[in-house]
Amino acid sequence: MIDNYDGIIEDTINPKVVDVEIVPEKSKPKPKKRTERIIDEESISKDIKKDYDYARGQLYDIIEKGQDALSGALDVATNTDHPRAYEVTGQLIKSVSDATEKLIDLQKKMQDIEEGPKSKQSITQNNAIMVGTTAELSKLIKQGLLDK
(Lines give C-alpha, C1' and ligand atoms only; values in the text may rest on other atoms or scores of the structure.)
Protein backbone atom coordinates (compact mmCIF):
# COMPACT_ATOMS: atom_id res chain seq x y z
CA MET A 1 0.00 0.00 0.00
CA ILE A 2 2.90 2.32 0.74
CA ASP A 3 4.26 1.77 -2.77
CA ASN A 4 1.02 3.07 -4.23
CA TYR A 5 1.34 6.32 -2.25
CA ASP A 6 4.93 6.75 -3.36
CA GLY A 7 3.82 6.57 -6.98
CA ILE A 8 1.17 9.20 -6.47
CA ILE A 9 3.61 11.49 -4.68
CA GLU A 10 6.22 10.96 -7.40
CA ASP A 11 3.69 11.80 -10.15
CA THR A 12 2.67 14.92 -8.28
CA ILE A 13 6.18 16.18 -7.71
CA ASN A 14 7.60 15.22 -11.11
CA PRO A 15 4.76 15.33 -13.64
CA LYS A 16 5.28 13.61 -17.00
CA VAL A 17 5.51 15.85 -20.04
CA VAL A 18 3.00 15.05 -22.72
CA ASP A 19 3.00 16.46 -26.24
CA VAL A 20 -0.26 18.18 -27.07
CA GLU A 21 -1.30 19.16 -30.53
CA ILE A 22 -2.94 22.58 -30.74
CA VAL A 23 -5.88 22.53 -33.08
CA PRO A 24 -6.99 25.91 -34.45
CA GLU A 25 -10.46 26.97 -33.40
CA LYS A 26 -13.07 26.66 -36.08
CA SER A 27 -14.60 29.88 -37.20
CA LYS A 28 -17.94 30.56 -35.63
CA PRO A 29 -20.91 30.18 -37.93
CA LYS A 30 -22.43 33.44 -39.01
CA PRO A 31 -25.84 34.13 -37.57
CA LYS A 32 -28.70 33.67 -39.96
CA LYS A 33 -30.30 36.77 -41.31
CA ARG A 34 -33.65 37.56 -39.82
CA THR A 35 -36.42 37.44 -42.28
CA GLU A 36 -39.17 39.89 -41.73
CA ARG A 37 -42.55 38.39 -41.31
CA ILE A 38 -45.60 40.13 -42.60
CA ILE A 39 -48.22 40.03 -39.92
CA ASP A 40 -51.79 40.64 -40.81
CA GLU A 41 -54.44 41.80 -38.38
CA GLU A 42 -56.40 38.56 -38.69
CA SER A 43 -53.51 36.43 -37.42
CA ILE A 44 -52.90 38.89 -34.58
CA SER A 45 -56.57 38.73 -33.65
CA LYS A 46 -56.47 34.92 -33.66
CA ASP A 47 -53.34 34.92 -31.48
CA ILE A 48 -54.89 37.33 -29.01
CA LYS A 49 -58.04 35.23 -28.80
CA LYS A 50 -55.98 32.04 -28.37
CA ASP A 51 -53.85 33.63 -25.62
CA TYR A 52 -56.96 34.98 -23.91
CA ASP A 53 -58.63 31.57 -23.92
CA TYR A 54 -55.48 29.92 -22.57
CA ALA A 55 -54.97 32.49 -19.80
CA ARG A 56 -58.64 32.34 -18.86
CA GLY A 57 -58.52 28.54 -18.66
CA GLN A 58 -55.40 28.65 -16.51
CA LEU A 59 -56.97 31.16 -14.13
CA TYR A 60 -60.11 29.03 -13.83
CA ASP A 61 -57.94 26.01 -13.06
CA ILE A 62 -55.95 27.94 -10.44
CA ILE A 63 -59.15 29.19 -8.79
CA GLU A 64 -60.70 25.71 -8.69
CA LYS A 65 -57.54 24.11 -7.25
CA GLY A 66 -57.25 26.93 -4.74
CA GLN A 67 -60.82 26.38 -3.60
CA ASP A 68 -60.16 22.65 -3.16
CA ALA A 69 -56.99 23.39 -1.18
CA LEU A 70 -58.86 25.99 0.85
CA SER A 71 -61.57 23.58 1.87
CA GLY A 72 -58.95 21.01 2.93
CA ALA A 73 -56.95 23.59 4.86
CA LEU A 74 -60.10 24.82 6.56
CA ASP A 75 -60.93 21.26 7.63
CA VAL A 76 -57.45 20.84 9.08
CA ALA A 77 -57.66 24.21 10.84
CA THR A 78 -61.03 23.45 12.44
CA ASN A 79 -59.99 19.94 13.51
CA THR A 80 -56.63 20.90 14.99
CA ASP A 81 -57.28 24.48 16.17
CA HIS A 82 -53.64 25.16 15.34
CA PRO A 83 -52.77 28.83 14.63
CA ARG A 84 -50.48 27.94 11.70
CA ALA A 85 -53.33 26.06 10.01
CA TYR A 86 -55.51 29.16 10.27
CA GLU A 87 -52.68 31.28 8.91
CA VAL A 88 -52.31 29.00 5.88
CA THR A 89 -56.07 29.12 5.37
CA GLY A 90 -55.97 32.92 5.38
CA GLN A 91 -53.15 32.92 2.82
CA LEU A 92 -55.12 30.56 0.58
CA ILE A 93 -58.17 32.82 0.79
CA LYS A 94 -56.01 35.75 -0.33
CA SER A 95 -54.47 33.72 -3.17
CA VAL A 96 -57.85 32.61 -4.49
CA SER A 97 -59.23 36.15 -4.30
CA ASP A 98 -56.14 37.48 -6.13
CA ALA A 99 -56.63 34.92 -8.91
CA THR A 100 -60.28 35.92 -9.17
CA GLU A 101 -59.26 39.57 -9.41
CA LYS A 102 -56.77 38.70 -12.17
CA LEU A 103 -59.57 36.97 -14.06
CA ILE A 104 -61.68 40.13 -13.92
CA ASP A 105 -58.68 42.24 -15.04
CA LEU A 106 -58.18 39.86 -17.96
CA GLN A 107 -61.83 40.35 -18.96
CA LYS A 108 -61.43 44.14 -18.87
CA LYS A 109 -58.22 44.05 -20.89
CA MET A 110 -59.81 41.81 -23.52
CA GLN A 111 -62.80 44.12 -23.74
CA ASP A 112 -60.47 47.10 -24.23
CA ILE A 113 -58.63 45.25 -27.00
CA GLU A 114 -61.86 44.33 -28.77
CA GLU A 115 -63.18 47.89 -28.60
CA GLY A 116 -60.01 49.31 -30.04
CA PRO A 117 -58.62 52.73 -29.30
CA LYS A 118 -61.22 55.14 -28.06
CA SER A 119 -61.65 58.30 -30.05
CA LYS A 120 -61.17 61.34 -27.88
CA GLN A 121 -63.83 63.97 -28.19
CA SER A 122 -62.58 67.51 -28.11
CA ILE A 123 -64.48 69.66 -25.70
CA THR A 124 -64.11 73.40 -25.88
CA GLN A 125 -64.83 75.31 -22.72
CA ASN A 126 -64.75 79.07 -22.79
CA ASN A 127 -64.33 80.85 -19.49
CA ALA A 128 -64.93 84.56 -19.17
CA ILE A 129 -63.05 86.32 -16.43
CA MET A 130 -63.81 89.79 -15.15
CA VAL A 131 -60.89 91.65 -13.66
CA GLY A 132 -62.01 94.36 -11.29
CA THR A 133 -63.81 95.01 -8.07
CA THR A 134 -67.29 93.88 -7.08
CA ALA A 135 -68.47 97.51 -7.22
CA GLU A 136 -67.40 97.74 -10.88
CA LEU A 137 -69.12 94.42 -11.59
CA SER A 138 -72.42 95.54 -10.05
CA LYS A 139 -72.20 98.84 -11.97
CA LEU A 140 -71.74 96.90 -15.26
CA ILE A 141 -74.66 94.64 -14.43
CA LYS A 142 -76.93 97.64 -13.77
CA GLN A 143 -75.91 99.19 -17.07
CA GLY A 144 -76.64 95.93 -18.85
CA LEU A 145 -73.22 95.70 -20.49
CA LEU A 146 -72.71 92.10 -19.44
CA ASP A 147 -75.94 90.90 -21.02
CA LYS A 148 -74.70 91.64 -24.55
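Just so you know, these numbers come straight off a predicted model, no measurement behind them.

1. A look at the overall build of the protein chain
Phase 1: Helix and strand counts for the protein chain stand at 4 helices and 0 strands.
Phase 2: Reading the protein chain from its N terminus to its C terminus gives the helix and strand order α-α-α-α.
Phase 3: Out of the 148 residues in the protein chain, the part that is buried amounts to 10%.
Phase 4: Counted over contacts in the protein chain with a minimum sequence separation of 6, partners at least 24 positions apart contribute 55%.
Phase 5: Accessible surface, the protein chain as shown: approximately 14,500 Å² in total, 55% of it carbon and sulfur.

2. Section: unusual backbone geometry
With glycine set apart, most residues show a phi of negative sign, and most peptide bonds adopt trans.
Phase 1: Positive phi values are uncommon outside glycine, yet D81 reaches one of about 55 degrees.
Phase 2: Counting through the fold element by element, D81 comes out in the loop between α2 (41-80) and α3 (83-115).

3. Remarks on the nonpolar core
Phase 1: Judged by nonpolar contacts, Y52, L59, I63, V96, A99, L103, L106 and M110 together constitute the single largest core of 8 residues.
Phase 2: Counting residues per element, the ones that place at least two in this core are α2 and α3.
Phase 3: At 5 residues, the largest contribution of residues to this core is made by α3.
Phase 4: Setting aside residues up to four positions removed in sequence, Y52 forms contacts with L106, Q107 and M110.

4. Regarding α3
Phase 1: With 33 residues, α3 should cover 48 Å at 1.5 Å per step; its first-to-last C-alpha distance of 48 Å lies within 8% of that length.
Phase 2: If you check which residues of α3 are buried, you get A85, T89, V96, A99, L103, L106 and M110.
Phase 3: Against the buried residues of α3 lie α2.
Phase 4: G116 occupies a position one or two residues after α3 and carries a positive phi of about 85 degrees.

The rules we used
- Residues numbered from 1 in each chain as written.
- Predicted model: local features only at pLDDT ≥ 70, side-chain atom pairs only at ≥ 80, totals over all residues.
- Heavy atoms only, no water.
- Helix = DSSP H or I, 4+ residues; strand = E, 2+ residues; numbered from the N terminus.
- Buried < 20%, exposed > 50% of the residue type's maximum accessible area, 1.4 Å probe, protein only.
- Contact = heavy atoms within 4.5 Å.
- Areas by Shrake-Rupley, 256 points an atom, 1.4 Å probe, with all protein chains shown as cover.
- Core = buried A, V, L, I, M, F, W, Y, C linked by side-chain atoms within 4.5 Å.
- Expected span 1.5 Å × (residues − 1).

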